[in-house]
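# Close look at the chain arrangement
What follows is the residue order along each chain.
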Amino acid sequence: MTVSLDDLPLRDDLRGQQPYGAPQAPLPVALNVNENTHPIPDEVADDIADSVALALRDVNRYPDREFTALREGFAEYLGHGLEPEQIWAANGSNEVLQHLLQAFAGPGRTAFGFAPTYSMYTLLTRGVGATFVSGERGANFSLTPESAAAQVAEARPDVVFLCAPNNPTGTPLENDVVEAVYDATDGIVIVDEAYREFAPRDVPSALQLLPGRPRLVVSRTMSKAFAFAGARVGYLAADPAVVDALRLVRLPYHLSALTQAAASAALRHADTMLAMVDEIVEQRDRISATLEALGYTVYPTWSNFVLFGGVEDPHATWQALYDRGVLIRDIGIPGHLRVTAGTEDETSAFLGALAEIGR
Ligand SMILES: *Cc1c(COP(=O)(O)O)cnc(C)c1O
């Protein structure tokens, strides 16, 4: 007899829910989950391997619970005068966000985000027994300071997610929105800058707003620009008191010695690791221009992906691309699909296949 979830004493609030499920398929051109598709350069991979090998010698002992060296590395990488005690890290920024929700949301509390946005905000919120409330965006998925602040003031959430730029739409979100939302709530405001490195360099990060705003949190990840998705490393910057709160909920020794060693080594090569960013941005802009020429609706993007509309049957187009060895993402917005900017060859494969399929 096969057992189903219905046969288990599952939490009532989890019954009927779906897990995160971006399809993983071994296709030659995978442009579906916004990874950096450029492999890590050999000399960096060698240095990381040496560091991990060294850490392995001490793996009989628990790791540094405070991941001191790694926090110093992130503080230095982020700049903005940040100190290591303002840094937190975990196994992907998803775990960082989970820690924040465990500390500041929970049963009877609410988290808030502007839909459509990163689907994990809802799942993580539900996982801690809190309620997720969705706000609305304006034309082309944009958000004005006035509208954002008014919606947050009305919802009175305990935690607000601002995805800057937004996934899955790519929409820019600037600091005027962050300031307005911060002033409109007594809750924690999380600015998720997962794609920050792909935004124009002259636009300030929300890191600049941290001084004097103890409820503001800026989260980042090594999964996207840093080409480190498989290593699972995310981090944040905030007031040291916020970091103290996260110590109440994390598992002891949550960052393995091997992860700490690998991430610290990768950070030493930040310049090399990030060298591909300009190339990816170039391919992203090429995708936008080509899709527009093909007659699709293309949205402004400050990330490494492009959302496009005007797709008559998204699932059919997704499948036709799949059958040609190209994996992109149907993110559930009617008439729309999302594609990650890959290498020049991968991007050409996608654009060629799409032109062949037609609208
Ligand atoms: C990819 C992504 C993340 C990063 O997830 P990791 O757990 O660090 O791999 C966080 N936020 C958004 C909006 C993302 O798209």
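Above this text you will find the structure in question.
The following refers to the structure shown. (Residues numbered from 1 in each chain as written. Predicted model: local features only at pLDDT ≥ 70, side-chain atom pairs only at ≥ 80, totals over all residues. Heavy atoms only, no water.)

Turning to the site of the ligand, a few remarks are in order. Inspection of the region around the ligand gives 14 residues, with Ser93, Tyr195, Thr221, Ser223 and Lys224 positioned closest. Contact between the ligand and Ser93: an oxygen atom at 2.6 Å from a main-chain N or O atom of the residue. Here an oxygen atom of the ligand sits 2.6 Å away from a polar atom, N or O, in the side chain of Thr221. Contact with the protein chains hides 94% of the accessible area of the ligand, taken as 390 Å² for the molecule alone. Here the ligand is seated within the largest pocket. Of the residues belonging to the shell around the ligand, the class tally is five nonpolar, six polar and three charged. (Near = heavy atom within 4 Å. Polar contact = N/O pair within 3.5 Å; in protein donor to acceptor, adjacent residues only side chain to side chain. Areas by Shrake-Rupley, 256 points an atom, 1.4 Å probe, with all protein chains shown as cover. 1 Å grid on protein atoms, 1.4 Å probe; cavity = no way out; pocket = protein on both sides within 12 Å on 5 of 7 lines; lining within 4 Å. Sits in = over half its atoms within 2 Å of the grid points. Nonpolar A, V, L, I, M, F, W, Y, C, P; charged D, E, K, R; others polar.)

Ordered in space as β2-β8-β7-β6-β5-β3-β4, the seven strands form an open sheet in which the pairing is mixed. A strand with exactly one partner marks an edge of an open sheet, and here the two such strands are β2 (87-90) and β4 (131-135). Between one strand axis and the next, the sheet turns by 25 degrees as a mean value, whatever way the strands run. Of the strand pairs in this sheet, strand β3 (residues 110-114) and β4 are connected by five bridges, and their pairing is parallel. Paired with Gly113 across the two strands is Ser134, which belongs to β4. (Pairing = 2+ DSSP bridges. Helix = DSSP H or I, 4+ residues; strand = E, 2+ residues; numbered from the N terminus. Axes fitted to C-alpha atoms, helices over the stretch in contact; angles between N-to-C directions.)

Bringing the environment of Gly309 into the picture now. Examined against the element boundaries, Gly309 turns out to sit in strand β10 (residues 305-309). Taking the C-alpha atoms as reference, Gly309 lies 32 Å from Tyr182; in sequence the two are 127 residues apart. Setting aside residues no more than four positions away along its own chain, Gly309 makes contact with Tyr296, Thr297, Tyr299, Gly335 and His336. (Contact = heavy atoms within 4.5 Å.)

Let us look at a nonpolar patch on the surface. Together, Met1, Val3, Leu5 and Leu8 line one region of the surface with nonpolar side chains, adding up to about 490 Å² of accessible area. If you trace the backbone, Val3 turns up in the segment before β1 (29-30). You can call Val3 exposed: its relative accessible area is 55%. (Patch = residues over 30% accessible without salt bridge, like charges linked within 9 Å, V, L, I, M, F, W, Y side chains within 5 Å. Salt bridge = Lys/Arg side-chain N within 4 Å of Asp/Glu carboxyl O. Buried < 20%, exposed > 50% of the residue type's maximum accessible area, 1.4 Å probe, protein only.)

Glancing now at the side chain of Thr343. Structurally, Thr343 is set in the loop between β12 (337-340) and α12 (344-357). For Thr343, a relative accessible area of 18% puts it in the buried group. Excluding its chain neighbours within four sequence positions, the residues that come into contact with Thr343 are Thr37, His38 and Gln283.

On to empty space enclosed by the protein, then. Throughout the structure, instances matching the rule amount to one cavity of 30 Å³ or more. The space that makes up the largest cavity amounts to roughly 90 Å³. If you trace the largest cavity, you find 15 residues lining it, with Ala164, Leu173, Glu193, Arg196 and Pro204 closest to the centre. Looking at the lining of the largest cavity residue by residue, the class counts come to 10 nonpolar, two polar and three charged. (Points joined across faces, edges and corners; volume = space filled by probe spheres on them.)

This brings us to the packing of helix α3 (residues 93-104) against helix α7 (residues 240-247). Interaxial distance between α3 and α7 falls to 9 Å at its minimum, and their mutual angle equals 85 degrees. The pairing of α3 with α7 is recorded here as roughly perpendicular in orientation. Contacts between α3 and α7 pair His99, Leu100, Ala103 and Phe104 from the former with Val242, Ala245 and Leu246 from the latter. Of the residues contributing to the contact of α3 with α7, the split by class is six nonpolar, one polar and no charged. (Parallel < 35°, antiparallel > 145°, perpendicular 65-115°, else oblique.)

Here β3 lies mainly inside the structure; five of its five residues are buried. Side chains Thr110, Phe112 and Phe114 project from β3 onto one buried face, and the interleaved Ala111 and Gly113 project onto a second face that is buried too. Taken together, β3, helix α4 (residues 119-127) and β4 constitute a β-α-β crossover, and its handedness is right-handed. Direction of pairing for β3 relative to strand β5 (residues 159-163): parallel, over a ladder of three bridges. Bridging from a neighbouring strand, Ala111 pairs with Val159 of β5. (Right-handed = clockwise from strand over helix to strand, strands pointing away.)

Buried within α4 we find Met120, Tyr121, Leu124 and Thr125. Seen along its axis, α4 keeps its buried residues to an arc of 135 degrees; they face one direction. Backbone geometry just after α4 places Gly129 at a positive phi near 80 degrees. (Arc of directions from axis to C-beta.)

Grouped together as the largest cluster of nonpolar side chains are 107 residues, with contacts concentrated most on Leu100, Met222, Phe228, Leu291, Phe308, Ile328 and Phe350. If you tally residues by element for this core, the top one is helix α10 (residues 276-293), at six residues. Each of two domains, domain 1 (22-40 + 272-357) and domain 2 (42-268), supplies a minimum of three residues to this core. The residues contacting Ile328, other than those within four sequence positions of it, are Leu31, Asn32, Phe308, Trp318, Leu321, Leu337, Arg338, Val339 and Phe350. (Core = buried A, V, L, I, M, F, W, Y, C linked by side-chain atoms within 4.5 Å. Domains from an automatic or database assignment.)

Taken by themselves, the reported measurements are silent on function.
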